[in-house]
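Fold and contact review
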Amino acid sequence: MKKLLVTGGAGFIGANFVHYWLTLHPNDNVTVLDALTYAGNLGSLMPVMANPHFRFVKGDIANTALVEQLLLEERIDTVVHFAAESHVDRSILGPDAFVQTNVVGAHSLLKAARNVWLKEPAHPLSHRFHHVSTDEVYGSLESDEPAFTEATPYQPNSPYAASKAASDHMVRAYYQTYGLQVTLSHCSNNYGYYQYPEKLIPLCIHHILQGKPLPIYGDGKQIRDWLFVEDHCRGIELILQQGHVGESYNIGGMNEWQNIDIVTLLCDLVDAEFAAAPVLTKRYPNAPYAKGISARSLITHVQDRAGHDRRYAIDCTKIEKTLGFKPTESFASGIRKTLHWYLDNQRWVEEAENRDYQTWLSQQYDNRS
Ligand code: NAD
Ligand code: DAU
């Protein structure tokens, strides 16, 4: 029976991971540590809040003493580290928070893990620190270049990517220097349920429903490799179960799309949903379909993102060959499921943006002893 500390578990991938893990490993214990920044939504964890195997603690990963206390109190043997400032545009506007959480915070977490697992006499016999990194640390690809492998040299371009790269190096250093049992994963762009509507896919769905412009940065021909979030969770599960300590694994969707094509696809899918279900016109009267026009009419080219990476693509041969990973969700069905989830859960979007409500929720559910 594992005892997991999931950092950033109220965020997009972290919350999906908690649901994934508790469904497949119902006897394991999961403690979430999350600072509930603007990106954290406790509503995403409501389905597990009453589960006796689950505990939520509001707190900062940079609080070394709190993390040590949790590691000891819960006899944690596995840390899955998702907590981060994760949005590239925000890192361009204000890099400080990225250095603080993604570098200083990640280091504080490593320090706490070392103090408890490698120094305390009663530490668990085996432990694992899994660091969730990103493909962005590898930089940007030209259209004819081969996909990133684990051996691709780091060349981060945004302050976000640079901060993630810095934490990757620190994780590796704790393995090489102190013998902390670490693994790392580098995943491509995730999509799915519970994603804050600042990222491309949920932003476009939300904007179409509100009849707001869909901002396409530059020519919109930048390429991302999209993976359904549950497949990412499964990749991490495989690494925790069978991955080699000290190793990095790429996880990707083998599913490259130009941004403009993703956005036009979403427009057409939303229009088709409205055509099939007239009730949506009542629910979302500002959506273009409700006004007799196509959602594509909202597409608006805007100034490009500074230093915008042109293309990401992931070669996941290593995790496929060594751990048997393959994405299971097709993009055609994953994107429909995602759209349906957002159509049914606009309340979640409103709650995510309502910080007073989040503060109230966290007062009800923060479980510090
Ligand atoms: P997110 O922004 O949705 O969630 C981040 C979570 O971390 C939030 O709940 C936030 O409250 C919490 N957090 C932030 N600072 C904290 C701190 N100092 N202490 C404790 N909690 C804090 O992010 P996400 O998209 O779920 O990404 C999770 C991880 O996966 C990140 O490390 C990111 O770099 C990585 N990643 C994301 C993607 C993607 O497509 N979203 C792809 C590859 C890797
Ligand atoms: O590749 C993994 C990374 O994917 C993660 O490490 C990051 O945490 C995650 O945010 C994501 O980064 P991107 O910058 O690729 O994701 P985002 O959704 O912000 O943008 C996807 C693409 O769409 C990117 O080329 C920028 C473009 N875009 C984005 C937004 C929000 C637009 O054209 N318009 C927009 O309004």
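In this report, we go over the structure that sits alongside the text. Note that the coordinates shown come from a computational prediction; the quantities given were computed from them, not determined experimentally. (Residues numbered from 1 in each chain as written. Chains lettered and ligands numbered in written order. Predicted model: local features only at pLDDT ≥ 70, side-chain atom pairs only at ≥ 80, totals over all residues. Heavy atoms only, no water.)

A closer look at the site of ligand 2
Our working rule: One heavy atom suffices: a residue is near a molecule or strand as soon as one of its heavy atoms comes within 4 Å of it. What qualifies as a polar contact is a pair of N or O atoms within 3.5 Å, subject to a donor-acceptor requirement within protein and to the restriction that residues adjacent in sequence count only when both atoms come from side chains. Throughout, the Shrake-Rupley method with a 1.4 Å probe supplies accessible areas, and for residues the shown protein chains are the sole cover considered. Helical segments are the DSSP runs of H or I of at least four residues, strand segments are the runs of E of at least two, and each set is numbered from the N terminus. Gly is placed with the polar residues, together with every amino acid not listed as nonpolar (Ala, Val, Leu, Ile, Met, Phe, Trp, Tyr, Cys and Pro) or charged (Asp, Glu, Lys and Arg).
For ligand 2, the set of nearby residues contains 23 residues, the closest of which are Thr134, Asp135, Tyr160, Arg305 and His308. Between ligand 2 and Ser86, the relevant distance is 2.7 Å, taken from an oxygen atom to a main-chain nitrogen or oxygen of the residue. Between Arg305 and ligand 2, the recorded distance is 2.6 Å, taken from a side-chain N or O atom to an oxygen atom. Within the complex, the protein chains bury 94% of what would otherwise be the 690 Å² of accessible surface of ligand 2. Listing elements by their share of the shell around ligand 2, those giving two or more residues are helix 6 (200–210) and strand 8 (214–217). Here the residues of the shell around ligand 2 are counted per class, giving nine nonpolar, eight polar and six charged.

Re the site of ligand 1
Around ligand 1 sit 28 residues in total, of which Ile13, Asp34, Ser86, Tyr160 and Lys164 are the nearest. Between Thr101 and ligand 1, the recorded distance is 3.2 Å, taken from a side-chain N or O atom to a nitrogen atom. Burial of ligand 1 by the protein amounts to 96% of the accessible area it has alone, namely 840 Å². Looking at the shell around ligand 1 element by element, the count peaks at three residues for strand 5 (residues 128–134). Here the residues of the shell around ligand 1 sort into 13 nonpolar, 12 polar and three charged.

Observations regarding the sheet that holds strand 4 (residues 78–81)
The line we're drawing: When DSSP finds two or more bridges between two strands, those strands count as paired. In this description, a line fitted to the C-alpha atoms serves as the axis of each element, helices being fitted only across the stretch in contact, and the angle between N-to-C directions of two axes falls anywhere from 0 to 180 degrees.
As summarised here, the arrangement of the seven strands in space is 3-2-1-4-5-6-10, forming an open sheet in which the pairing is parallel. Each edge of the sheet is formed by a strand with only one pairing partner; in this case those strands are strand 3 (54–58) and strand 10 (248–251). Averaged over all pairs of adjacent strands, the angle between their axes in this sheet comes to 20 degrees, without regard to strand direction. Examined bridge by bridge, strand 6 (residues 182–187) and strand 10 share four bridges and lie parallel to one another. Counterpart to His186 in the pairing with strand 10 is Asn250.

A look at the state of the cysteines
Using the following cut-off: Two cysteine sulfurs form what is called a disulfide whenever their separation falls within 2.5 Å.
Enumeration according to the criterion identifies zero disulfides in this entry. Cysteine Cys233 remains unbridged, with the sulfur of Cys187 as its closest cysteine sulfur at 9.2 Å. Looking at Cys267, it has no disulfide partner, and the nearest cysteine sulfur is the one in Cys204, 7.0 Å off.

Observations concerning the pattern of salt bridges
Rule in force here: We define a salt bridge as a contact between a side-chain nitrogen of Lys or Arg and a carboxyl oxygen of Asp or Glu at a distance within 4 Å. Burial classes: relative accessible area under 20% of the type maximum marks a residue as buried, over 50% as exposed, and values in between as partly exposed (1.4 Å probe, protein chains only).
Counted under the stated rule, the structure contains 13 salt bridges. With a closest N to O distance of 2.8 Å, Glu73 and Arg55 form a salt bridge. Here Glu73 is found in helix 2 (residues 64–73), whereas its partner Arg55 is found in strand 3, with 18 residues between them in sequence. Classification of Glu73 by relative accessible area gives partly exposed; the value is 36%. On the accessibility criterion, Arg55 (10% relative accessible area) is buried.

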